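Per-entry structural report
Read off the chains here:
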Amino acid sequence: MSSPTSSNTLDSFQVDIVQLIERLPSLKHRQFIKQALTTIVNLSESNIDRLDWKILSAALIDMEQGFELFHAYRHVRKVTVFGSARLGSNTPEYRMATEFARRVSQLGFMVMTGGGSGIMQAGNEGAGREKSFGLNIQLPFEQEANPVIEGDPKLIHFKYFFTRKLFLLKESDAVALFAGGFGTQDEAFECMTLSQTGKFGPVPVVFIDHPGGDYWHSWSEYVNKQLVAKGLVSPEDPCLYTVTDNLEVACNAITNFYRVYHSSRYVDEKLVIRLRVDLSETEVEQLNTEFSDILVKGRIEKSQALAKEGQDETFELPRLILHFNQRDLGRLYQMIASINQMGIPSVEDAAHPERK
């Protein structure tokens, strides 16, 4: 027999559900809310195990706190910093990460880390508490939140690695990787896999060694020798990232990526590239000459926002539309680099690469 407390909780939940259903037709994202509720209903009628429900429930709680936190910061670009938790403040990698985070925060970007020690602490330390996020993971050992971000409302404790990584990439407008172990290597190759398949970005990805270091230089040599040379990845795939031991190069790789390019999305079968400034007809013609090989059909064309983008916050931005083959992502990054050499950004846009 249920207790009065559980009965009251159930009654309150039933009221909430009824009210949600009544409001559903007027809600902005009603089709997605309906889809999510339908999925839950369908699962409730299946025979999935208790553990499956626990995973689903905890993952939704993880995502709820992530969505709520980052919504308030959706108009500021963020840089995710990956690297070892084992590199202390006396190492050149730690000092390099601290200085990198300090520089990008001065450019207006916010910095996201896994919230732990080592390179993660260096990232939060360099950016400062005000411009830092910490996305920590709940573990029976390791890892306490670092003292820079501990107690800050922009610190989240995730139950699952996959939901944590979802937000470290979903909310990121650039990724910087420093030396690290298996976890950092996993993050590096996942960034490459998701970029190569178009599931992440386009965003700039920068691998940063300390001056004279060869951690990522050796990694890049491996990629070229074992993957590119043997045809296991495309010759243009190294265009997805930058390897450097120079912080000016690293910061420029990020700011220059958003000089003219703003963002992109798919509308039906068309890739829509949003621009901070309009391009001339001559410049668009140049893009068609250089990048016709990545088109399934038609041409790269100038456009205003399409009808299905009516609720998009970038509605006023000029656009390029194309039927991209969704295969040659390295070439797409090359095209973005060419776009960023075109146009003349306003003084305001040039001074604030961090604004979405």
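In this report, we go over the structure that sits alongside the text. (Residues numbered from 1 in each chain as written. Predicted model: local features only at pLDDT ≥ 70, side-chain atom pairs only at ≥ 80, totals over all residues. Heavy atoms only, no water.)

Things to note about the nonpolar core
As a reminder of what qualifies: In this text, buried Ala, Val, Leu, Ile, Met, Phe, Trp, Tyr and Cys residues form a nonpolar core when linked through side-chain atoms within 4.5 Å. Three labels apply to residues, based on accessible area from a 1.4 Å probe with only protein chains included: buried if under 20% of the type maximum, exposed if over 50%, partly exposed otherwise in between. Numbering of helices and strands runs from the N terminus; a helix is a DSSP stretch of H or I covering at least four residues, while a strand is a stretch of E covering at least two. By the convention used here, residues are in contact when the closest approach between their heavy atoms is within 4.5 Å.
Phe 207, Ile 273, Leu 279, Leu 287, Leu 320, Leu 322 and Met 335 are the most contacted members of the largest nonpolar core, which has 54 residues in total. Per-element tally for this core: the top contributor is helix H11 (residues 329–339), with 6 residues. If we skip the residues at most four places from it in the chain, Leu 322 touches Glu 269, Lys 270, Leu 271, Ile 273, Ile 294, Leu 295, Arg 299, Ile 300 and Met 335. Core analysis: the next-biggest nonpolar cluster, separate from the first, contains 24 residues, Tyr 94, Ala 97, Ala 122 and Ala 176 among them.

Things to note about the pairing of strand E9 (residues 270–275)
This is how the line gets drawn: Following DSSP output, two strands are said to pair if at least two bridges run between them.
Most of E9 sits inside the fold, with 5 of its 6 residues counted as buried. Here strand E8 (residues 261–267) folds back onto E9, and the loop between the two strands holds 2 residues, one of which, Asp 268, carries a positive phi near 55°. Of the pairings in the sheet, the one linking E9 to strand E11 (residues 319–324) comprises 4 bridges and is antiparallel in character. Across the sheet, the residue bridging to Ile 273 is Leu 320, located in E11.

Structural notes on the environment of Val 206
Within the fold, Val 206 resides in strand E6 (residues 205–208). Taking the relative accessible area as the measure of exposure, Val 206 reaches 1% and is therefore buried. Each C-alpha atom, one on Val 206 and one on Leu 168, is 15 Å from the other, the two residues being 38 residues apart in sequence. With sequence-adjacent residues up to four places away left out, Val 206 is seen in contact with Val 175, Ala 176, Leu 177, Thr 242, Thr 244, Ala 250, Ala 253 and Ile 254.

Here's the deal with the sheet that holds strand E7 (residues 242–244)
Rule in force here: For helices, the fitted axis covers only the stretch in contact; all axes are lines through C-alpha atoms, and the angles between them, taken along N-to-C directions, range from 0 to 180 degrees.
Spatial strand order, E4-E3-E2-E1-E5-E6-E7: 7 strands in an open sheet with parallel pairing. With partners counted over all chains shown, the strands left at the sheet margins are strand E4 (155–158) and E7, one partner each. Strand-to-strand twist of the sheet, defined as the mean angle between neighbouring strand axes without regard to direction, takes the value 20°.

Concerning the sheet that holds strand E10 (residues 295–303)
Sheet architecture is open: 4 strands sit in the order E8-E9-E11-E10, paired in antiparallel fashion. Strand pairing shows two members of the sheet lacking a second neighbour, E8 and E10, which therefore form its edges. Going across the sheet, the axis of each strand differs from the next one's by a mean of 20°, ignoring polarity. Along the sheet, helix H10 (residues 281–291) contacts E10 and E11; its crossing angle with E10, the most-contacted strand, is approximately 165°.

Observations concerning the pairing of E8
Here E8 runs beside E9; their pairing, made up of 6 bridges, is antiparallel. The residue bridging Val 267 from the neighbouring strand is Lys 270, located in E9.

Considering the packing of H10 against H11
Applicable threshold: Roughly parallel refers to an angle under 35 degrees, roughly antiparallel to one over 145, roughly perpendicular to one between 65 and 115, and oblique to any angle outside these ranges. Each helix crossing is assigned a hand: it is left-handed if the near helix lies turned anticlockwise from the far helix by less than a right angle, otherwise right-handed if that turn is clockwise. As a working rule, the residues Ala, Val, Leu, Ile, Met, Phe, Trp, Tyr, Cys and Pro are called nonpolar, Asp, Glu, Lys and Arg charged, and the rest polar, with Gly in that last group.
Following both chains from N to C, one finds H10 and H11 inclined at 155°, their axes separated by 11 Å at the closest point. The orientation of H10 with respect to H11, classified from their angle, is roughly antiparallel. Viewed along their axes, H10 and H11 form a crossing whose handedness is right-handed. Each of Leu 287, Glu 290 and Phe 291 in H10 lies in contact with H11, whose residues at this interface are Arg 331, Gln 334, Met 335, Ser 338 and Ile 339. Looking at side-chain class alone, the contact of H10 with H11 contains 4 nonpolar, 2 polar and 2 charged residues.

What about helix H9 (residues 247–255)?
As a reminder, the rule being used: By arc we mean the arc of the directions from the helix axis to the C-beta atoms, nothing more.
Taken together, the buried positions of H9 are Leu 247, Ala 250, Cys 251, Ile 254 and Thr 255. Across the axial projection of H9, the buried residues extend over an arc of 125°, all falling on one side. On the buried face of H9, the contacting elements are strand E1 (78–82), helix H4 (92–106), strand E5 (174–177), E6 and E7.

Observations regarding the side chain of Ser 84
As a reminder of what qualifies: Residues adjacent in sequence count toward polar contacts only when both atoms are side-chain atoms; beyond that, a polar contact is any pair of N or O atoms within 3.5 Å, and within protein one must be able to donate a hydrogen and the other to accept it.
Mapped onto the elements, Ser 84 comes out in the loop between E1 and H4. According to the relative accessible area criterion, Ser 84 is buried, its value standing at 11%. A distance of 2.8 Å separates a polar side-chain atom of Ser 84 from the backbone nitrogen of Arg 86. Each residue touching Ser 84, except ones within four places of it in the same chain, is listed here: Ser 117, Gly 118, Ile 119, Ala 179, Gly 180, Gly 181 and Thr 184.

Section: the side chain of Thr 163
With respect to the helices and strands, the residue Thr 163 is situated in helix H6 (residues 161–170). Taking relative accessible area as the criterion, Thr 163 reaches 1% and is therefore assigned buried. Discounting chain neighbours no more than four positions away, the residues touching Thr 163 are Ala 59, Asp 62, Met 63 and Phe 158.

Quick look at the packing of aromatic side chains
What counts is decided by this rule: Ring pairs shown here join Phe, Tyr and Trp side chains whose ring centres sit within 6.5 Å, with only the six-membered ring taken for Trp; geometry is labelled stacked below 30 degrees between planes, edge-to-face above 60, and tilted in between. Comment: the charge-over-ring label is applied if NZ (Lys) or CZ (Arg) is within 6 Å of the ring centre and within 35 degrees of the ring normal.
On inspection of all chains with the given rule, the structure shows 18 aromatic pairs. Taken together, the ring pairs in this structure connect Phe 67, Phe 70, Tyr 73, Phe 133, Phe 158 and Phe 167 into an aromatic cluster. Positioned above the aromatic ring of Tyr 258 is the side chain of Arg 77, whose terminal nitrogen or guanidinium carbon lies 3.8 Å from the ring centre.

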